[in-house]
Structure formats: C-alpha cells, structure tokens
Amino acid sequence: MRLKKHKTLREQIASSLRESIIKGELHPGQKLTEPELADRLGISRTPIREAFRQLESEGFLTVIPRRGAVVSSISQEEIEDFYEIKSLLEGYAARIAASRITARDIEKLEKLNDQLLELARQEDVEAFFRKNNEFHNTFIALCGNDKLLEIRLGLVQRFLRFRLQALSVPGRLMKSVEQHKLIIDALSRKDGNLAESLVVEHSLLSGRELAEQVAKMEEEP
C-alpha cells in the first residue's frame, strides 16, 4: 500500500485500497483484516475501520462485523442496470438543460473539459473523476428538477465504484473528453434531442466498456 501524505489517514488508506481494487491487485472475495493492515502500516485500527466503512458505502468492500472486510464482487448485470438508469436520468436532464443553458455555462463547460484533457494526458484517474463530476453536474443542474437531482445523486454515490472503474478502462479518459466536446456543441446550439442522445450514448459506452473489462477478468485464471 502507498499512502499519500496530503490526505487524512482514513483518506490515505481508502484511496490506496480503492486503487488496488480498481487495478485488480485485490480480487473479489479477498479478505482484508484490521489487525493485519494495522501491523503492516504501524497505525491503530480506527482509521482502517473508518476506511472500510467508506469503501463499503462506495461499493468496493463488504464489511463483516468482527471479521474484517472482503472485496465486493461486481457483475455485468449490475453494471448494465446502473448505466441504463444513469443514462436515462442524465439524458433527460441534458435535453431540458439545452433550452436553458447560457453562453457563460458553455464557457464553463469548455474550460472544465480543457482541464479534463490535461488530466487525461497525465492519466490521473482520481483527479479526472472529481473534475468529471463537476462537468456533468454543471449542465445536469440546469434541468431545474430537484427530485431528479436527488435520485441521481443517491444513485451515483451508491455505485461510485462502477464510475471510477469505468474511467480506469484504457483509453476511456480521452474518449470522455472527445464525447464532452460533442455534448458541449449540441448544448451550445440548444439542440435538446441531440444533447440527450449524446449523453445517453456517453453513459452507455462507459457501461459497455466496463462490462467487457469485467468479463475479461472473469475469464482469467
């Protein structure tokens, strides 16, 4: 495990374990225990326990009381179900946003996508993930439907693992940046139908690529 000093101890542990799971260094069903990690890192069990809880909320771990945690499995069916729902919500939001978006909003989206391009070149998945959230939230919030925003937020937080792992698929970061350019263009022309179809395809493509990656991992001995 490699801990990053600019984060709190809980965040360092969670980030390191999350990265190991995404890279396949920790496999579904693999057991993790507080005492073992505490001894290895020379720290108390408290931040490890807190990191386990955080990763459980994100879908990476399943915590077993008094026994530690195991790396959660991830199925193609779960991935497909999540991205189908996500694409419908975000596509609808994009269609409504197209009629309300301003030149200032477009300028903000272009600036965010330029920043995403630089992060993609650096292959910084975590930073790209955070900035990507900001990009999507910018136009989705314009739909003005608070209930949709609430449902989407709960959904994407619950399945954070899928979204992070999808961005880790080779070449996915650059593809996202290119797809964002098309979405921005449709929004700037206030073409709601096109914006919706592009956002839906953008989401579904992430799901398909992640499902394919999971299938390949399942075939490996």
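Bear in mind the structure is a predicted one, so any value in this text is a computation, not a measurement. (Residues numbered from 1 in each chain as written. Predicted model: local features only at pLDDT ≥ 70, side-chain atom pairs only at ≥ 80, totals over all residues. Heavy atoms only, no water.)

A. How the structure looks around the overall build of the chain. In terms of helices and strands, the chain carries 10 helices and 3 strands. Counting from the amino terminus, the chain carries its helices and strands in the arrangement α-β-α-α-β-β-α-α-α-α-α-α-α. Computed over its C-alpha atoms, the radius of gyration of the chain comes to 19 Å, within 12% of the 17 Å expected for a compact globule of 221 residues. With the C-alpha coordinates aligned to their principal axes, the bounding extent of the chain is approximately 60 × 35 × 35 Å. The contacts of the chain with a sequence gap of at least 6 include a subset with a gap of at least 24, amounting to 70%. Per element, the accessible surface of the chain, about 11800 Å² overall, is 50% carbon and sulfur. Of the side-chain charges in the chain, 35 are positive and 36 negative, and the distance between the mean point of each set is 5 Å. (Helix = DSSP H or I, 4+ residues; strand = E, 2+ residues; numbered from the N terminus. Rg over C-alpha atoms; globule rule 2.2 N^0.38 Å. Contact = heavy atoms within 4.5 Å. Areas by Shrake-Rupley, 256 points an atom, 1.4 Å probe, with all protein chains shown as cover. Lys, Arg positive; Asp, Glu negative; His and termini not counted. Charge placed at Lys NZ, Arg CZ, Asp CG, Glu CD.)

B. Quick peek at the environment of Val-200. With respect to the element layout, Val-200 can be found in helix H10 (residues 192-219). When the C-alpha atoms of Val-200 and Leu-89 are compared, they prove to be 8.8 Å apart, with 111 residues separating the residues in sequence.

C. Molecular detail of the packing of helix H4 (residues 76-98) against helix H6 (residues 125-140). Contact pair H4 / H6: the axes reach a minimum separation of 8 Å and the direction vectors enclose 55 degrees. The orientation of H4 with respect to H6, classified from their angle, is oblique. Facing H4, whose interface residues are Glu-90, Ala-93, Ala-94 and Ala-97, H6 presents His-136, Phe-139 and Ile-140. Here the contact of H4 with H6 is composed, by residue class, of 5 nonpolar, 1 polar and 1 charged. (Axes fitted to C-alpha atoms, helices over the stretch in contact; angles between N-to-C directions. Parallel < 35°, antiparallel > 145°, perpendicular 65-115°, else oblique. Nonpolar A, V, L, I, M, F, W, Y, C, P; charged D, E, K, R; others polar.)

D. The arrangement of helix H9 (residues 172-188) in detail. Helix length check: H9, at 17 residues, gives a terminal C-alpha distance of 24 Å against a target of 24 Å (1.5 Å per residue), a fit within 8%. Downstream of H9 by one or two residues, Lys-190 has phi in the positive range, about 55 degrees. (Expected span 1.5 Å × (residues − 1).)

E. Summary view of the sheet that holds strand E3 (residues 68-71). Spatially, E1-E3-E2 is the arrangement adopted by the 3 strands of the open sheet, whose pairing is antiparallel. Both outer strands of the open sheet, strand E1 (31-32) and strand E2 (61-64), are each paired with one neighbouring strand and no more. As paired elements, E1 and E3 share 2 bridges and run antiparallel to each other. Bridging from a neighbouring strand, Lys-31 pairs with Val-70 of E3. (Pairing = 2+ DSSP bridges.)

F. Highlighting helix H3 (residues 46-57). With 12 residues, H3 should reach 16 Å at 1.5 Å per residue; the first-to-last C-alpha distance of 17 Å fits that figure. Turning to H3, its buried residues number three or more, namely Pro-47, Ile-48, Ala-51, Phe-52 and Leu-55. Angular distribution of buried residues about the axis of H3 spans 145 degrees; they occupy a single face of the element. Of the surrounding elements, those touching the buried residues of H3 are helix H1 (9-22), E1, helix H2 (34-41), E2 and E3. Following H3 by one or two positions, Gly-59 has its phi on the positive side, about 90 degrees. (Buried < 20%, exposed > 50% of the residue type's maximum accessible area, 1.4 Å probe, protein only. Arc of directions from axis to C-beta.)

G. Main features of the pattern of salt bridges. Taken as a whole and judged by the stated rule, the model has 14 salt bridges. Ionic pairing is found between Glu-178 and Lys-181, a salt bridge with its closest N-O pair at 3.3 Å. A residue pair is termed a helical-turn pair when its members lie 3 or 4 positions apart in one helix, as Glu-178 and Lys-181 do in helix H9 at 3 residues. Taking relative accessible area as the criterion, Glu-178 reaches 42% and is therefore assigned partly exposed. Residue Asp-185 is joined to Arg-189 by a salt bridge in which the shortest nitrogen-to-oxygen separation is 3.0 Å. What makes Arg-189 partly exposed here is its relative accessible area of 48%. (Salt bridge = Lys/Arg side-chain N within 4 Å of Asp/Glu carboxyl O.)

H. Representation of unusual backbone geometry in the model. Located in the positive-phi region is Arg-66, a residue other than glycine, with phi close to 65 degrees. Take Arg-66: it is sitting in the loop between E2 and E3. According to the relative accessible area criterion, Arg-66 is exposed, its value standing at 83%. For Glu-123, which is not glycine, the phi torsion reads 55 degrees and is therefore positive. Relative to the helices and strands, Glu-123 resides in the loop between helix H5 (103-122) and H6.

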